[in-house]
Amino acid sequence: MAKIIYIDHAGTERPIEVKTGLTVMEGAIKHNVPGIDADCGGACACATCHVYVDPDWMDKVGSASAMEESMLDFAEGVQPNSRLSCQIKVTDALDGLKVTTPESQH
Amino acid sequence: MHVNDADVLKAAKREMRVSDPTLVHIVIVGAGHAGGAVAAFLRQYGFAGPITLIGEEPIPPYQRPPLSKAWLKGEADAESLMLRPDSFYAENAIALRLDTRVERLDRGAKTVVLHGGEAISYDILILATGRRARRIPLPGIDLNGVLELRTAADADRLKAALSRPQSGPGKRLAVIGGGYIGLEAAASARALGAEAVVIEKEPRVLARVACEALSTFFQDYHRQHGVIFELGAGVEAIEGENGQAVGVRLTGGRLIEADAVLVGVGAVANDELAKDAGLECDNGILVDLAAQTADPAIYAIGDCSRRPLPHYERIGHLESVPNALEQAKQAAAHITGRAPPPHEVPWFWSDQYDLKLQIAGLPHDATQILIRGEPTAVQGAARFAVFHLTADNRVQAVEAINAAPEFMAGRQLITSRKPVAPDKLRDMSVSMKEVAA
């Protein structure tokens, strides 16, 4: 388990214990965290699980694949710390990770 | 003030919106992706009344798309298939009635009647009954080893039929129907070490849903992975021995031997509950953009519905997870009095081998096909997109193979209705950012 802190657009924090091995997206869906849609269920096909990774965690989270980069290129409100949460696997090293959801996934 | 029928209807619909939500009982029939999602969105949007979610299958809502892909290949476990943990439903006061079939809808009494006779009262009913595999009246269709693929139980049966015995030759799968399900199952069968033969009555696969270039590409790619195609082939019967299917008899007499036969020839809406209760249906329950039927107390969402397609100024049905989620949001927003969600461009995806197919839009009213990149089936190098344009160069749909920028930009262009320059769109050296700018 690792604690992932999901922060919504308005700033409300939702700390969730997510099983390691799941993705940050799956942790959100399984606990009904608003703001992450994940239309494609984690296939990196839709960019509806877009999150902003807390800058302090960027290194630990790692970098996006080429596929993810090109999906993000066309997502709304992209910032340098944008990631698709279906592509971030939860590990013990990510205990305490903070991600913020954008205003809209579309 | 002049009051007409439309105003009366609107007022009735407003009336249905929740004034004291704790007194309203919402019953959802169908515990698939749409049914599970609408229950979750209702809670997210603050609905505090009782919710009952009734499902015919024995397990809580799960993801169907992996059934023909990762699940079939053994790359996903049962837990990852589930949309939410079992504890979610109790924690969110969603009464889950699984293994339960609704037989009848009584709109007058506002009840649904279960198999066995129990009646459950509703204030608001959400039908999320999905579709079922189309059955074809073929001799031999009831033999053991003749399978369909809609549910987790179907996928387990298919997986068992394909698993290679400890010793001896691999199994052979015959697929009747060269649609997406059939192609995905064929690809997964190959990954499992089974042989796969796809039988299609049209001269090409995906004939109903894709252009010729894309069909040819998929056929070539599958052939390179050892899939055999019987195109333009009619099926006379499924042959059996001792009650077990042993092959598919083609028109003309040839027998395609197989250990299992998967029938994937489309799906029909489970709209009988609504139809028998007098709601308008046409291979799908007719709804508006709030997912509401003509009865203001009844909504229909997901595969079972027939809905307005705002980008295309017509109605139709969409069989996809994004549509299930969009309509779940429409219904949940309408019931809780929230602003309606934005209209979404319909989209679909499929994974076969190392190919990621992403489709945005529908090719309605398109008069030209423009291909960006080369649709040649070279392993590891396939990357192209097929754009469907109107006569005035507006994008109606895009089918993208390993081409995420084309898919994402295409989706934006379908929404913006901005005409594109065909020369730029055709030219891979011009980025999609520039094309869409």
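Below is a summary of the structure that appears in this document. Quantities reported herein were computed from a predicted structural model and do not represent experimental measurements.

### Let's talk about the pattern of salt bridges
Residues and elements named next belong to chain B.
Part 1 of the reasoning: A full pass over the atoms with the stated rule returns 29 salt bridges over all chains.
Part 2 of the reasoning: Ionic pairing is found between R157 and D154, a salt bridge with its closest N-O pair at 2.8 Å. Taken as a pair, R157 and D154 lie in helix 5 (residues 152-162) at a separation of 3 residues, close to a single helical turn.
Part 3 of the reasoning: Given a relative accessible area of 46%, R157 falls into the partly exposed group.
Part 4 of the reasoning: Residue class for D154 comes out buried when judged on its relative accessible area of 7%.

### Topic: the environment of R338 of chain B
Residues and elements named next belong to chain B.
Part 1 of the reasoning: Within the fold, R338 resides in the loop between helix 9 (321-336) and strand 22 (347-352).
Part 2 of the reasoning: You can call R338 partly exposed: its relative accessible area is 43%.
Part 3 of the reasoning: With 293 residues separating them along the chain, R338 and Y45 place their C-alpha atoms 7.9 Å apart.
Part 4 of the reasoning: Non-local contacts of R338, meaning those with residues more than four positions away in its chain, are made with Y45 and A333.

### Some points on the nonpolar core
Part 1 of the reasoning: In terms of nonpolar packing, the biggest core is built from 95 residues, with Y6 of chain A together with I126 of chain B touching the most fellow members.
Part 2 of the reasoning: At 8 residues, the largest contribution of residues to this core is made by helix 9 of chain B.
Part 3 of the reasoning: No fewer than three residues from each of domain 1 (6-132 + 267-336) and domain 3 (354-436) of chain B sit in this core.
Part 4 of the reasoning: Excluding anything up to four places from it in sequence, I126 of chain B contacts I26, V27, I28, V29, V38, L42, Y299, I301 and I335 of chain B.

### Quick look at the interface of chain B and chain A
It is common to report an interface's size as the accessible area lost on association of the parts.
Part 1 of the reasoning: With 29 residues of chain B in contact, the opposing surface of chain A contributes 22 residues.
Part 2 of the reasoning: Taking both sides of the interface into account, the surface hidden between chain B and chain A amounts to around 2300 Å²; carbon and sulfur atoms contribute 54%.
Part 3 of the reasoning: Sorting the residues of chain B by area buried against chain A places Q44, M408 and K433 of chain B first, and these three jointly supply 21% of that buried surface.
Part 4 of the reasoning: Here E79 of chain B and K19 of chain A are joined by a salt bridge, their closest N and O atoms 2.9 Å apart.
Part 5 of the reasoning: Where the side of chain B that touches chain A is concerned, the elements lending two or more residues are helix 2 (33-44), helix 9, strand 22, strand 23 (355-361), helix 10 (404-416) and helix 12 (432-436) of chain B.
Part 6 of the reasoning: The element best represented in the side of chain B that touches chain A is helix 10 of chain B, accounting for 7 residues.

### What about the packing of aromatic side chains?
Part 1 of the reasoning: For the structure on display, the rule yields 8 aromatic pairs over all chains.
Part 2 of the reasoning: Between F217 of chain B and F218 of chain B the ring centres are 5.6 Å apart and the planes differ by 75°, which places this aromatic pair in the edge-to-face class.
Part 3 of the reasoning: Residue F217 of chain B is classed as buried on the basis of its relative accessible area, which comes to 1%.
Part 4 of the reasoning: On the accessibility criterion, F218 of chain B (1% relative accessible area) is buried.
Part 5 of the reasoning: Ring geometry for F217 of chain B versus Y221 of chain B: centroids 5.5 Å apart, planes at 35°, classification tilted. Here Y221 of chain B and F217 of chain B lie together in helix 7 (residues 212-224), a separation of 4 residues that amounts to about one turn.
Part 6 of the reasoning: Taking relative accessible area as the criterion, Y221 of chain B reaches 0% and is therefore assigned buried.
Part 7 of the reasoning: Through a chain of ring-to-ring contacts, three or more aromatic side chains come together here, namely F217, F218, Y221, Y353 and F384 of chain B.
Part 8 of the reasoning: Lying across the ring of F88 of chain B, R84 of chain B places its NZ or CZ 5.2 Å from the centre.
Part 9 of the reasoning: A cation sits over an aromatic face here: K433 of chain B above F74 of chain A, 5.4 Å from the ring centre.

Reading the values: rules and limits
- Residues numbered from 1 in each chain as written.
- Chains lettered and ligands numbered in written order.
- Predicted model: local features only at pLDDT ≥ 70, side-chain atom pairs only at ≥ 80, totals over all residues.
- Heavy atoms only, no water.
- Salt bridge = Lys/Arg side-chain N within 4 Å of Asp/Glu carboxyl O.
- Helix = DSSP H or I, 4+ residues; strand = E, 2+ residues; numbered from the N terminus.
- Buried < 20%, exposed > 50% of the residue type's maximum accessible area, 1.4 Å probe, protein only.
- Contact = heavy atoms within 4.5 Å.
- Core = buried A, V, L, I, M, F, W, Y, C linked by side-chain atoms within 4.5 Å.
- Domains from an automatic or database assignment.
- Buried area = accessible area lost by both parts, 1.4 Å probe.
- Phe/Tyr/Trp six-rings, centres within 6.5 Å; stacked < 30°, edge-to-face > 60°.
- Lys NZ or Arg CZ within 6 Å of the ring centre and 35° of its normal.

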